[in-house]
Amino acid sequence: MTGPSIAGPAMRLRGLVRKESLQILRDPSSISIAFVLPAILLLLFGYGVSLDARNVPIALVIENPGSETGSFAASLVGSRYFAPAVVRDRRAAEQALLAGEVDAIVVLKGDFARRLWSPAGAPIQVLVNGTDANTARIISGYLEGAWQKWLAQYAMDQGRALAPPVTIEQRVWFNAEVRSRNFLVPGLIAIIMTLIGTLLTALVVAREWERGTMEALMVTPVRIGEILLGKLIPYFLLGMGGMALSTAMAIWVFGVPFRGSAAVLFLVSALFMLAALGLGLFISTLARSQFVAGQVAIIVAFLPAFILSGFIFDIASMPRAVQLLTHLIPARYFVSSLQTLFLAGTVWPIVLANAAALAVMAAVFLALTWRKTRKSLE
Amino acid sequence: MTGRPEAAALEAPAAAAPVVALRDVHKRFAAGSRTVEALDGLSAEIGAARITGLVGPDGAGKTTLMRLVTGLLAPDSGSIRVLGLDAAAETRAVQASVGYMPQRFGLYEDLSVAENLELYADLQGLAGAERRERFERLMAFTGLGPFRTRLAGRLSGGMKQKLGLACTLVRPPRLLLLDEPSVGVDPVSRRELWEIVRRLVGEGISVLWATAYLDEAERCHEVLLLNEGRLLAAGPPSRFSARLEGRTFAVRGEEAERRTLLDEVRALPQVVDAVVKGRDLRVLLSKQAEPGYLESHCRTLQAGRARVTGVDPLFEDAFVALMKEQPATSAGRPARGGPSSRGAAPARTKTAAGRPEAVIRVEGLIRRFGSFTAVDGIDFQVARGEIFGLLGPNGAGKSTTFKMLCGLLPPSDGRALVLGIDLRRAAAVARGHIGYMAQKFSLYGNMSVLQNLRFFASAYGLTGKARQERIEAALEEFGLFAYRDAVSETLPLGFKQRLALACAIMHDPGVLFLDEPTSGVDPLVRREFWTRIDAMAEAGVSVLVTTHFMEEAEYCDRIGIIYRGKLVAAGTPEELKAAHATPQLPEPTLEDAFVDLIGRYDSEHPR
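Residues numbered from 1 in each chain as written. Chains lettered and ligands numbered in written order. Predicted model: local features only at pLDDT ≥ 70, side-chain atom pairs only at ≥ 80, totals over all residues.

Caption draft 1: View of the overall build of chain A. Assigned secondary structure in chain A consists of 14 helices and four strands. Taken over C-alpha atoms, the radius of gyration comes to 28 Å for chain A, far larger than the 21 Å a tight globule of 378 residues would show. Expressed as lengths along the three principal axes of its C-alpha atoms, the size of chain A is roughly 95 × 40 × 40 Å. Looking at chain A residue by residue over its 378 residues, the buried ones come to 37%. Within chain A, counting contacts between residues at least 6 apart in sequence, those at least 24 apart form 80% of the total. (Helix = DSSP H or I, 4+ residues; strand = E, 2+ residues; numbered from the N terminus. Rg over C-alpha atoms; globule rule 2.2 N^0.38 Å. Buried ≥ 20, exposed ≤ 12 C-beta atoms within 10 Å, placed from the backbone. Contact = placed C-beta atoms within 7 Å.)

Caption draft 2: How the structure looks around the overall build of chain B. Check the secondary structure of chain B and you find 22 helices and 24 strands. Computed over C-alpha atoms, the radius of gyration of chain B comes to 25 Å, within 12% of the 25 Å expected from 2.2 N^0.38 for 607 residues, which places it in the range of a compact globule. Seen through its principal axes, chain B has C-alpha atoms that stretch 70 × 60 × 55 Å. By the burial criterion, 50% of the 607 residues in chain B qualify as buried. Considering only contacts in chain B between residues 6 or more positions apart, those separated by 24 or more positions represent 72%.

Caption draft 3: Region of the structure containing the interface of chain B and chain A. At the interface, 29 residues of chain B touch 27 residues of chain A. Among the secondary structure elements, those contributing two or more residues to the side of chain B that touches chain A are helix 3 (91-97), strand 6 (98-101), helix 4 (113-124) and helix 5 (128-142) of chain B.

Caption draft 4: A look at the UniProt feature "transmembrane region" (unreviewed entry) in chain A. When the UniProt feature table is mapped to this numbering, "transmembrane region" (unreviewed entry) covers residues 31-49, 183-206, 232-255, 262-286, 292-313 and 350-370 of chain A. The distance from the first to the last C-alpha atom of residues 350-370 of chain A is 30 Å, and the span holds 100% helix and 0% strand. (UniProt positions renumbered as here; feature names shortened; annotations may be inferred.)

Caption draft 5: Representation of the sheet that holds strand 8 (residues 206-211) of chain B within the structure. Residues and elements named next belong to chain B. The strand order across the open sheet built from six strands is 6-7-8-3-9-10, with neighbouring strands paired in mixed fashion. On the outer flanks of this sheet lie strand 6 and strand 10 (230-235), each paired with one strand and no other. When strand polarity is set aside, the average angle formed by the axes of neighbouring strands in this sheet is 15°. Inspection of the sheet shows strand 6 paired to strand 7 (residues 175-179) by four bridges, in the parallel sense. Considered in strand 7, the bridge of M101 is made with L178. Here helix 6 (residues 157-168) sits on the sheet in contact with strand 6 and strand 7, set at roughly 160° to strand 6. (Pairing = 2+ DSSP bridges. Axes fitted to C-alpha atoms, helices over the stretch in contact; angles between N-to-C directions.)

Caption draft 6: Here's a closer look at the packing of helix 7 (residues 180-211) of chain A against helix 13 (residues 330-344) of chain A. Residues and elements named next belong to chain A. Between helix 7 and helix 13, the least distance of the axes is 9 Å, while the angle of their chain directions is 140°. As the angle between them shows, helix 7 and helix 13 are arranged oblique. As for how helix 7 packs across helix 13, the hand of that crossing is right-handed. When helix 7 is examined against helix 13, the residues N182, F183, P186, G187, I189, A190 and T194 are found in contact with a partner set consisting of A331, F334, V335, L338, Q339, F342 and L343. Of the residues assigned to the contact of helix 7 with helix 13, the class counts are 10 nonpolar, four polar and no charged. (Parallel < 35°, antiparallel > 145°, perpendicular 65-115°, else oblique. Left-handed = near helix turned anticlockwise from the far one by under 90°. Nonpolar A, V, L, I, M, F, W, Y, C, P; charged D, E, K, R; others polar.)

Caption draft 7: Seen up close, the domain arrangement of chain B. Residues and elements named next belong to chain B. As assigned here, chain B comprises domain 1 (7-235), domain 2 (245-327), domain 3 (357-433 + 509-572) and domain 4 (445-503). Computed from C-alpha coordinates alone, the two centres of domain 1 and domain 2 are separated by 37 Å. Listed by contribution, the elements that provide at least two residues to the side of domain 1 that touches domain 2 are helix 8 (214-218), strand 9 (222-227) and strand 10. The element best represented in the side of domain 1 that touches domain 2 is helix 8, accounting for three residues. (Domains from an automatic or database assignment.)

Caption draft 8: The arrangement of the domain arrangement of chain A in detail. Looking at chain A, the domain boundaries give domain 1 (15-49 + 179-372) and domain 2 (56-158). Between domain 1 of chain A and domain 2 of chain A, the C-alpha centre-to-centre distance is 46 Å.

Caption draft 9: Structural detail: the packing of helix 2 (residues 28-48) of chain A against helix 9 (residues 224-253) of chain A. All names here are of chain A. Across the interface, helix 2 lies against helix 9 with an axial gap of 9 Å and an inter-helix angle of 30°. On the basis of their axis angle, the class for helix 2 and helix 9 is roughly parallel. In this structure, the crossing between helix 2 and helix 9 has a hand that is right-handed. Residues A34, F35, P38, A39 and L42 of helix 2 touch helix 9, and the partners they reach there are L238, G241, G242, L245, S246 and M249.

Caption draft 10: Expanded view of the environment of C220 of chain B. Residue and element names in this part refer to chain B. Along the chain, C220 turns up in the loop between helix 8 and strand 9. C-alpha separation for the pair C220 and R50, spaced 170 residues apart in sequence, amounts to 7.9 Å. Leaving out residues up to four positions away in the same chain, C220 has contacts with I51, T52, G53, W209 and P237.

Caption draft 11: Focus on the pairing of strand 7 of chain B. Residues and elements named next belong to chain B. Of all five residues in strand 7, five are buried; the element is thus mostly enclosed. Residues L175, L177 and D179 of strand 7 are buried on one face, and the alternating residues L176 and L178, pointing to the opposite face, are buried as well. Where strand 7 and strand 8 come together, five bridges link them in parallel fashion. The residue bridging L176 from the neighbouring strand is V207, located in strand 8.

Caption draft 12: Seen up close, unusual backbone geometry. Residues and elements named next belong to chain B. Not every positive phi belongs to a glycine, and D24 is a case in point at roughly 45°. Checked against the element boundaries, D24 lands in strand 1 (residues 20-31). Take D24: there are 13 C-beta atoms within 10 Å of it, and that puts it in the partly exposed class. Unlike most non-glycine residues, E228 shows phi in positive territory, near 45°. Structurally, E228 can be placed in the loop between strand 9 and strand 10.

Caption draft 13: Molecular detail of helix 1 (residues 8-26) of chain A. In a regular helix each residue adds 1.5 Å, so 19 residues correspond to 27 Å; helix 1 of chain A covers 27 Å between its end C-alpha atoms and thus fits that length. For helix 1 of chain A, the set of buried residues is M11, R12, L13, G15, L16, K19 and E20 of chain A. Of the surrounding elements, those touching the buried residues of helix 1 of chain A are helix 9 of chain A together with helix 4 of chain B. (Expected span 1.5 Å × (residues − 1).)

Structural data, given as structure tokens:
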């Protein structure tokens, strides 16, 4: 059972790691946070949440039907972004908007055909339900695009020059299909690893304080470094396991392209895991009850990772002060690395800068934990 | 035993250099805005190869002292030398040679018995053949052998305690520190623990044993008596009690008038302490009492004729005498002497005396959990104004029975009637007549005394004027008026207990259920508590109490012993003791009787 060569620190560490691993394996909540929760979150965000506009119900008011309006209506019907319903008068369309049956109203005025060829151009009126600002912006953008496209096409068909001579040709890089899933899923990996690294470790150390086992441990010849390593190693492995699962699901279940280097992904993930674990351990040295540790971990790690990491909300469009704040969030660097590695490939300037930031944060959190933890009950 | 230290005992005979020496140790803690002097200039010594009992009321500084000796805390001033080392400076060296079992045993409940031991062997650097040999010894020593693969969380309290001990003994320590190891552990396991520790001392290990049980203190070689961070007295327990020679008596009156007698005896000016002890009252007189004092006064009591006999003083008498003769230094302690039954008794009508009326009636009660029968056909009755105790080891079915009687768990079969109401049919109605006080005092810690009382009054459906009157009466009865705005969490333990009781009886219940009411509470607080319970019983309330605590069982009118799901014995404490008297042990204690009964039952009913 025990080789004679192993002694002192190594033996103590082995004991602690084995203990922790057994506890993880027997505790259904650890396993579910590490493996079941990631799977659920991935399925939820992969299939359920979409930031794309597709088959958006709109009401199309045509006050004076004619060939021009018919052509535009046909272009909207043909688009996969919209599901238009043609109504005769404006009032009915407004009713539908209020009832939430449509998300936008497009009004083609009675003089549409006449003014189409005038220098000022024919105005179309677009009313968008602005309750969800994000969706509203997307819909109005798409409508604008649809209008421009139809206009260009129609002018060409009619062989007439149009007021705006410039044609827009869109080309989307990195995410050619413009699928939100492609950037949501890699970002989600950061959220999942924050959960495992910070929340789980914060809870398990606090649990040792609550159950009085820490007190018993401290009266053995064990050193603080060994106690910390004994926590780091098993949870590091658990986190990397969760990472591997999420990556595999991203690639093979959701078909997210992976264009970077797997080795780099592994290294950056390892750095992020250390930073997350460092933060978790630091929280648990300060809060010795599971309840407090859990609350703090959610507030300082999970929520920022969700909101301020660029996972869902674009950092560049945040207020300046908030943008500065995001630099303190480890997940920010990881989300950026993940999105780059998955969608663009190994872009060294980005990956290296992020990796450096993560390494600094991991070092700071672990050093703070080391300094703060004493073999003492005070 | 393998390893280093046992040689120490041979080099250091009992009288030689102490293993621990404390000099003028101070330790303060910040508790909110104020500082608490946990240890206030403590100087003491702990001798080698003996059991030193660390005794004192709750909050006396026992755990702080243990943590200082192990180096888990550093003193603010003063010196602590442990095994010749400075505990604050050479902490690691100290920790390498002491074993420490904290209050909750420090076990990983989701690891098995063997895995817990493996962990501690790894931490203590015990390997190879030495480890295997040591494990075999420890398994044999503690009787845990058959349970190697069982998760620690699934062990009974007694087995957990033994495993906790085994973990600290993986590498034999020179000094073993046990912090209240027998709290929540049944008497049989408690005895086994004593046996194990005595053997360890025989092997040369020194033991410091913190305890709130005074009968345990009596079995130690030496006792350190702490109070409010100071050393009140030290020495062999016999020396403590010897000082009270000629001041302790047993008073026996008419069975039915026992509580009236207690009240009257307590009211005598020279009586320091009087408690119910089975059939008798145990009385401690002050130093000033002249010979024959008790006899002459007993003749004039209303309770009728009482016989007085001198008895040997116990450590508990000495403890109570020392504590009560202390000037009250802080407002924290409950009033000395406790309330008189008369004054405290809530005005309740007593039923026509003489006719015993079964208020609680339990008939063939059975509770199964799957294939396991936790309670296997229990019958008993509790009369009006009677205090009935349920005793039994952990896992015997005590709590399950209790929960069924409170209407918290439906029985699988049989009947439980409280005040004639069938708990199976109308548990909610029955609960309206039941007062229930849980072990941990179910109070709202962050609410004030008044807010707690208001909440419980409302919870019991009291409103308006009735509620106000009841709350005022409770503040008055329980002496909580001065504390009405204090946050209940910050109350001293004794007051917390008063408040919990006050909340439990807000609705004037006819039946009171107490679940391990005084575990972890010091003897003075316990006395005060039982005085109140006595008063309530006197006023006609029936009390059902579960306990581990033999002294507490002595306060009961009758006790029932539950073991392996059955009521194996019931009767007055005196009857149970008499039934287990042997030529070797003509006057067994209740604990002796209990241990004997369990042993006999096991041999007659092999599993």
